[in-house]
Amino acid sequence: MNYQQSKKAQFLLQSEIRNMSIECDDVNGINLAQGICDLPLEKVLSDKAREAMEAGENHYTRYDGIDILREEIAKKARDFNRINAAPHNIVVSGGATGALYSACFALFNPGDEIILFEPYYGYHEYTLMSLDLVPVYAALTPPDWKFNIDELQNLVTKKTKAILICTPSNPTGKIFSAEELDMLGDFCVKNNLIALTDEIYEYITFDGLQHISPASREKFNGRVVTVSGYSKTFSITGWRLGYCIADDEIVKWIGNASDLIYVCAPAPLQYGVACAIRDIPQSFYTSLKEQYQRKRDILCSTLSGLGLTPYIPKGAYYILADISSVPGKNGKDRAMYILAKTGVGVVPGEAFLRSGGGGIARFCFAKDYSVIEQACERLLKLK
Ligand SMILES: Cc1ncc(COP(=O)(O)O)c(C=O)c1O
């Protein structure tokens, strides 16, 4: 057979994050490349999912998610995110990834331009490109990853339809402040844009900073599709449970798209997550932040000591660090050097920037303490 890959699929290269994970496995290394959270599973999740399975909840659910899960998400959206959501404003989908894909599928046409902050999360870029949407890149400038509102305005054309806001952000760890969000709210209203958000790291914030949902800011005047999920909060990346929150009209279009692409999220796991949102005490969320902050500090301090200056993240669980002193002519060379010398896998900056990423790398700290400590010890070989 003479197979041909579809034109659409041709740009879907294996991501550098997966590549580095494979290279790392090949040398039996410590994988700080991929965001696989290996925290223990909260018992309520497995208990309630198992109970649901045994009670026969193994069939298609409503396309937008079971009632109790949408009720719990809406309640959490009101209490934690300060978003005025009712259960009918929620679409449960195949992870935050599925929710964002469904939203883009439902809302935009080929050729529409979407503003994407750079450094970006590769899935965001590919999600847009796979739907023939055009990412238009806006710089976040280190060390604070600030954007320039005049630069954003200059990017707007007749085709611009939306801006994607990832907060807390992967890979920079930036948390958009209330002032920044209000500026973006004015910008969206002025230019008739939708704000698509990705708030998957909403519970992982440091140094006393709070996550602020764009949809909670009046300046956006309701023009927000909020995307989030439980992959990171409950360390259940393989369960594929995410959702979006949107207004009464839009939510139906997104629901139809998610129905076509995913049919529904896994039925028994929806019960598990609903009960976990309801039953897990506040102390869990406090401890989640504290644990990640400690891990961040351990890794940042090792990187600083090695002269690999880290951009200290405010949230999420990645550190971008300056690896320009590591031998190599680009980021990939340098990441391979780090892997060969220390057995620690990291992601070269080229994965997050169209150009100029060669001097940075991303280190993930969603690992057990013992693994972080081992990785730090190994990294000392770079001295
Ligand atoms: C910014 C961001 N959004 C979404 C995801 C994936 O979320 P989900 O597992 O809910 O699809 C990730 C995972 O790394 C991420 O970093």
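Residues numbered from 1 in each chain as written. Predicted model: local features only at pLDDT ≥ 70, side-chain atom pairs only at ≥ 80, totals over all residues. Heavy atoms only, no water.

A. Local environment of the domain arrangement of the chain. As far as domains go, the chain holds domain 1 (8-41 + 283-382) and domain 2 (43-279). Placing a centre on the C-alpha atoms of domain 1 and another on those of domain 2 gives a separation of 25 Å. Facing the 31 residues of domain 1 at the interface are 39 residues of domain 2. Of the roughly 3,300 Å² buried at the junction of domain 1 and domain 2 (both faces included), carbon and sulfur atoms supply 60%. Its largest share of buried area at the contact with domain 2, domain 1 owes to Leu 41, Lys 314 and Arg 354, together 20% of the area lost on that side. Along the contact surface separating domain 1 from domain 2 lie 14 residue pairs in polar contact (both at pLDDT 80 or more). Residue assignment for the side of domain 1 that touches domain 2 shows that the elements contributing at least two residues are α10 (282-305) and β10 (318-322). Here the element with the most residues in the side of domain 1 that touches domain 2 is α10; it accounts for seven residues. Per-class residue counts for the side of domain 1 that touches domain 2 are 20 nonpolar, four polar and seven charged. (Domains from an automatic or database assignment. Contact = heavy atoms within 4.5 Å. Buried area = accessible area lost by both parts, 1.4 Å probe. Polar contact = N/O pair within 3.5 Å; in protein donor to acceptor, adjacent residues only side chain to side chain. Helix = DSSP H or I, 4+ residues; strand = E, 2+ residues; numbered from the N terminus. Nonpolar A, V, L, I, M, F, W, Y, C, P; charged D, E, K, R; others polar.)

B. Local environment of the pattern of salt bridges. In this structure the tally under the stated criterion is 20 salt bridges. Measuring nitrogen to oxygen at the nearest pair gives 2.7 Å for the salt bridge that ties Asp 47 to Lys 43. Of this pair, Asp 47 and Lys 43 are both found in helix α2 (residues 43-54), four residues apart, which corresponds to roughly one turn of the helix. Across the pair Arg 296 and Asp 297 runs a salt bridge whose closest N-O atoms are separated by 3.0 Å. Overall, Arg 296 belongs to the buried group, its relative accessible area being 3%. For Asp 297, a relative accessible area of 37% corresponds to the partly exposed category. Within the structure, one salt-bridge network assembled from shared partners comprises Arg 62, Asp 64, Asp 67 and Arg 70. (Salt bridge = Lys/Arg side-chain N within 4 Å of Asp/Glu carboxyl O. Buried < 20%, exposed > 50% of the residue type's maximum accessible area, 1.4 Å probe, protein only.)

C. View of the nonpolar core. Within the largest apolar cluster, 122 residues are counted, with the highest numbers of intra-cluster contacts made by Phe 234 and Phe 363. Element by element, the count of residues in this core is highest for α10, at seven residues. Counting contributing residues per domain, this core is built from domain 1 (8-41 + 283-382) and domain 2 (43-279), each supplying no fewer than three. (Core = buried A, V, L, I, M, F, W, Y, C linked by side-chain atoms within 4.5 Å.)

D. Focus on the pairing of strand β13 (residues 360-364). The element β13 is largely enclosed, with a buried count of five among its five residues. Residues Ile 360, Arg 362 and Cys 364 of β13 are buried on one face, and the alternating residues Ala 361 and Phe 363, pointing to the opposite face, are buried as well. Note that β10 and β13 share five bridges and pair antiparallel. The residue bridging Leu 320 from the neighbouring strand is Arg 362, located in β13. When strand β12 (residues 347-348) meets β13, the two strands line up antiparallel, connected through two bridges. Looking across to β13, one finds that Val 347 is bridged to Arg 362. (Pairing = 2+ DSSP bridges.)

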